[in-house]
Amino acid sequence: MQGLHDVLQPAGPAAAHIATLWWLTLAICAAVFIAILVAFLIALVRAPRADAATPPDLAPLGSAEPRTRLVVSIAVACSIVGLLLLLAGSIAADRALARMPEDDALHIQVTGHQWWWDVIYDDPQPSRRFQTANEIHIPVGRPVLLSLQSGDVIHSFWVPNLAGKKDLIPGHILTLRLQADKAGTYRGQCAEFCGLQHAFMGFEVIAESPQAFAAWSDAQREPAHAPSDPGTTRGHDLFLTGTCMMCHAIAGTPAGARAGPDLTHVASRKWLAAGAVPNDPEHLAAWIRDPGQFKPGAQMPPHAVPKDELDALVAYLETLR
Amino acid sequence: MRALLVLIGLAVALGGCDREERKLAKLPSAAPSPATGERRGDLQPGQKGSGLEQTTSSRSFDGKNAFELAQGKRLFRWYNCSGCHSMGGGGMGPALMDNRWIYGHEPDDIYRTIMEGRPNGMPSFRGRIPDAQVWQIVGYIRSISGLAPKAAAPGRNDGLAVTRPENERERATPRNAPGSG
C-alpha cells in the first residue's frame, strides 16, 4: 500500500500540534546530547596522557575539584529548565488537541475488526447514514469527529499525517478529533498488535474538496442496482444463495450480514482486505478463492468454486461501484 | 546437587509440553465429494439454492483445540445461531447448555443437525457454511454444556458476558431423547 505515511509532514492541526511537540523534544534532547558530548571531550583533553608503561594512579585525591558547587548548580538548573520546557510543551499540545473545534463536525463511527475497519458515516437523518469499509473520505477544512469501537480485541487507529494514535477498546467508545487542511491520500494503520494479520490492517484517509466529498457520499448512499445482463445476474444469485451473504452486506439486496466488510460499493474502493490486496478483478477472484494466500489466518474462509461461478461472481462484484 | 536435580526434572517435565497447533483455513485440495446424509428440514436461511460450495465430508473435528473452539464461538454469533438458541440457554430453539439432546450429542449428530436441518424449525445450512467452519461450531456447541476439555473451552466473550464462561461449566451428562439418532 503506497501513500503518504509521515508524522513529520502534518496535514492538519491535530498532527501539527504533535509535530511541534516532537520538534521541541528533539531540540531539547539534541542540546542535552551535545552538552554531554562537549563535557566528555573537555574531560578527555584535561586528562593526562598515559600509555601501557604508565603505572596506575592509585594516590588519594590531592585537592578537591574546584568550583564543584557552581558546576553542579548549573547542571541542576539546566535539567530543571529543560524538563519544565518539555512539560510545558506537552501540556500546551494536549490543551490544543482537547480544544479542537467541533462545530459542524462530520461524525464517523469506526469499528476495528480482525483485520479490517468498518466505517459508518453518521447523519442526524437516519436515511442518510451509510456504511463502507477500509477507506475513509473526509472533506478538507471541516472537523471530523471519530467514534472508535472494537468488535473483538484491542486495536489502535493511527493516521500519522492527521492525528495521534487512539486505541479501540472492546466495550468502550472513544473519540478522536482530526481535520485535514490539505487534500491528499493519507495512509492509516492499526497500531496495537491484534493478531496474525495486524500488519495488514491498514486503511486510507482520502481528504478531498467539500464538493468531491458530497459527490462521493451521495454515491455511497445509493443502494446496489439489480443486475441487468445474464452474467452478472448469475453472480448476483450465487452471492445470495451461497456462503457470501452469511457474512457480507449489499444494500438493496437481502444480504445484510455484518460479520465482514460492507460490499455495497466494493468496486469503488482502491484496496481489498484492508490495504493488503489491490482491488482489480484478478486479485478479487484470487482473494475469494483463497484469502489465506494474501492474509494467512484471515477470517474469510477459502472457497473451492468452479471457474465459471467465480467469474460470474467477480463480474457481479465489479458492477458494485 | 539438589538444585541440579530439580533443574533436570523441570527440563524433562517442560520437554513434555506441546504448543497447540493453529490450523489456518486452507483451500480444499481434493474435489468436493458428494454430500452425505439427507436433508431433514425444508428450511434454509435466505433464498433457496445450490450454494457456492458443495459440502465435503472431510471430518475435521478437533474438540481439544482451543483455537478451533474459540473460532466456533465467534461463528456461533456471526451466523446468528444465537438468534434462536440464545447464548446456549435457548429461546425459539432448544437450549444447548442442558443435558438433553433431541438429535444426539455426538459430533457427527450435531454436524448432521446443522447441515441437514431438523423438523420444526432448524434450517439446513448446507451450502451456506464451509465444512471446516461447521466442525468448529460443532466443537463449540459441545463446550456449551461442558463436553469439551476445560483447558480448551473458551474463557471469555467478545461482547457482554451473560453466562459463566464455557471453561467453567460443569459437564452435563448427555441424555439423548428416545428413538433419536
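Residues numbered from 1 in each chain as written. Chains lettered and ligands numbered in written order. Predicted model: local features only at pLDDT ≥ 70, side-chain atom pairs only at ≥ 80, totals over all residues. Heavy atoms only, no water.

## Focus: the overall build of chain A
Part 1 of the reasoning: Of regular secondary structure, chain A possesses six helices and twelve strands.
Part 2 of the reasoning: Relative to its length of 321 residues, chain A is extended, with a C-alpha radius of gyration of 28 Å against a globular reference of 20 Å.
Part 3 of the reasoning: Here the C-alpha coordinates of chain A stretch approximately 100 × 50 × 35 Å along the principal axes.
Part 4 of the reasoning: Counting all 321 residues of chain A, 43% fall into the buried class.
Part 5 of the reasoning: At a minimum sequence separation of 6, the contacts of chain A that also span at least 24 residues come to 63%.
Part 6 of the reasoning: Carbon and sulfur atoms provide 64% of the accessible area of chain A, an area that totals close to 16500 Å².
Part 7 of the reasoning: Within chain A, the 30 negative side-chain charges are centred at a point lying 9 Å from the centre of the 23 positive side-chain charges. (Helix = DSSP H or I, 4+ residues; strand = E, 2+ residues; numbered from the N terminus. Rg over C-alpha atoms; globule rule 2.2 N^0.38 Å. Buried < 20%, exposed > 50% of the residue type's maximum accessible area, 1.4 Å probe, protein only. Contact = heavy atoms within 4.5 Å. Areas by Shrake-Rupley, 256 points an atom, 1.4 Å probe, with all protein chains shown as cover. Lys, Arg positive; Asp, Glu negative; His and termini not counted. Charge placed at Lys NZ, Arg CZ, Asp CG, Glu CD.)

## Some points on the packing of helix H2 (residues 66-78) of chain B against helix H5 (residues 131-144) of chain B
Residues and elements named next belong to chain B.
Part 1 of the reasoning: Two elements in contact, H2 and H5, have axes separated by 7 Å at closest approach and are oriented at 95°. Our classification of the angle between H2 and H5 gives roughly perpendicular. Here H2 contributes Glu 68, Leu 69, Gln 71, Gly 72, Lys 73, Leu 75 and Phe 76 to the contact with H5, which in turn contributes Gln 133, Gln 136, Ile 137, Gly 139, Tyr 140, Ile 141 and Ile 144.
Part 2 of the reasoning: Its residues assigned to classes, the contact of H2 with H5 shows seven nonpolar, five polar and two charged. (Axes fitted to C-alpha atoms, helices over the stretch in contact; angles between N-to-C directions. Parallel < 35°, antiparallel > 145°, perpendicular 65-115°, else oblique. Nonpolar A, V, L, I, M, F, W, Y, C, P; charged D, E, K, R; others polar.)

## So, the interface of chain B and chain A
Part 1 of the reasoning: Across the boundary between the two partners, chain B contributes 26 residues, which contact 27 residues of chain A.
Part 2 of the reasoning: Carbon and sulfur atoms make up 62% of the surface buried where chain B meets chain A, a total of about 2400 Å² over both sides.
Part 3 of the reasoning: Linking chain B with chain A are one salt bridge.
Part 4 of the reasoning: Notably, a salt bridge pairs B:Arg74 with A:Asp152, separated by 3.9 Å at the nearest N-O pair.
Part 5 of the reasoning: Scanning the region where chain B abuts chain A turns up five residue pairs in polar contact (both at pLDDT 80 or more).
Part 6 of the reasoning: Broken down by element, the residue count for the side of chain B that touches chain A peaks at four residues, all from H2(B).
Part 7 of the reasoning: When grouped by side-chain class, the residues that make up the side of chain B that touches chain A number ten nonpolar, seven polar and nine charged. (Buried area = accessible area lost by both parts, 1.4 Å probe. Salt bridge = Lys/Arg side-chain N within 4 Å of Asp/Glu carboxyl O. Polar contact = N/O pair within 3.5 Å; in protein donor to acceptor, adjacent residues only side chain to side chain.)

## Comments concerning the domain arrangement of chain A
Residue and element names in this part refer to chain A.
Part 1 of the reasoning: By the assigned domains, chain A splits into domain 1 (1-40 + 71-217) and domain 2 (230-318).
Part 2 of the reasoning: For domain 1 and domain 2, the distance between their C-alpha centres works out to 31 Å.
Part 3 of the reasoning: Listed by partner, the interface residues are 16 residues for domain 1 and 19 residues for domain 2.
Part 4 of the reasoning: Interface area, domain 1 with domain 2, both sides summed: about 1500 Å², of which 52% is carbon and sulfur.
Part 5 of the reasoning: Seen at the junction of domain 1 and domain 2, the total is one salt bridge.
Part 6 of the reasoning: A salt bridge links Lys 270 to Glu 204, with the shortest nitrogen-to-oxygen separation between them at 3.5 Å. (Domains from an automatic or database assignment.)

## Some points on the layout of surface pockets
Residue and element names in this part refer to chain B.
Part 1 of the reasoning: Taken as a whole, the second largest pocket encloses approximately 740 Å³ of empty space.
Part 2 of the reasoning: As for the second largest pocket, its lining consists of 31 residues, and the residues nearest its centre are His 85, Pro 94, Leu 96, Thr 113 and Met 122.
Part 3 of the reasoning: Mapped onto the lining of the second largest pocket, the elements with two or more residues apiece are helix H3 (82-85), strand E1 (100-101), helix H4 (107-116) and H5.
Part 4 of the reasoning: In terms of residue class, the lining of the second largest pocket is built from 20 nonpolar, eight polar and three charged. (1 Å grid on protein atoms, 1.4 Å probe; cavity = no way out; pocket = protein on both sides within 12 Å on 5 of 7 lines; lining within 4 Å. Points joined across faces, edges and corners; volume = space filled by probe spheres on them.)

## Examining the confidence of the model for chain B
Part 1 of the reasoning: Residues with a pLDDT of 70 or more make up 81% of chain B, whose mean pLDDT is 81.
Part 2 of the reasoning: Note that residues 30-35 of chain B has pLDDT below 50 and, in this model, eight contacts with residues that lie over four places away or in other chains. (pLDDT = per-residue confidence, 0-100.)

## Thoughts on the pattern of salt bridges
Part 1 of the reasoning: This structure, assessed with the given rule, holds 17 salt bridges over all chains.
Part 2 of the reasoning: A salt bridge links B:Asp109 to B:Arg112; the shortest N-O distance between them is 3.3 Å. In this pair, B:Asp109 and B:Arg112 both sit in helix H4, three residues apart, roughly one turn of the helix.
Part 3 of the reasoning: Residue B:Asp109 is classed as buried on the basis of its relative accessible area of 9%.
Part 4 of the reasoning: Take B:Arg112: its relative accessible area is 34%, and that puts it in the partly exposed class.
Part 5 of the reasoning: Each of A:Arg234, A:Asp308 and A:Glu309 takes part in a single network of salt bridges with overlapping partners.

## Thoughts on the nonpolar core
Residues and elements named next belong to chain A.
Part 1 of the reasoning: Judged by nonpolar contacts, the single largest core of 33 residues is most densely connected at Ile 108, Ile 136, Ile 138 and Phe 157.
Part 2 of the reasoning: Mapped onto this core, the elements with two or more residues apiece are strand E1 (106-113), strand E2 (116-121), strand E4 (135-139), strand E5 (144-150), strand E8 (174-178), strand E9 (184-190), strand E10 (202-208) and helix H3 (210-221).
Part 3 of the reasoning: Core analysis: the next-biggest nonpolar cluster, separate from the first, contains 26 residues, Leu 240, Cys 244, Ile 288 and Tyr 316 among them. (Core = buried A, V, L, I, M, F, W, Y, C linked by side-chain atoms within 4.5 Å.)

## Some words on the packing of aromatic side chains
Geometry of an aromatic ring pair is reported as the spacing of the ring centres plus the angle between the planes.
Residue and element names in this part refer to chain A.
Part 1 of the reasoning: If you walk through the whole model with that rule in mind, you get 14 aromatic pairs over all chains.
Part 2 of the reasoning: Considering the side-chain rings of Trp 117 and Phe 157, the 5.7 Å spacing of their centres and the 90° angle between planes classify their relative orientation as edge-to-face. Here Trp 117 is found in strand E2, whereas its partner Phe 157 is found in strand E6 (residues 155-158), with 40 residues between them in sequence.
Part 3 of the reasoning: You can call Phe 157 buried: its relative accessible area is 1%.
Part 4 of the reasoning: In this structure an aromatic cluster arises from ring pairing among Tyr 121, Phe 130, Phe 213 and Trp 216.
Part 5 of the reasoning: Just above the ring of Trp 158 sits the side chain of Lys 165; from NZ or CZ to the centre is 4.6 Å. (Phe/Tyr/Trp six-rings, centres within 6.5 Å; stacked < 30°, edge-to-face > 60°. Lys NZ or Arg CZ within 6 Å of the ring centre and 35° of its normal.)

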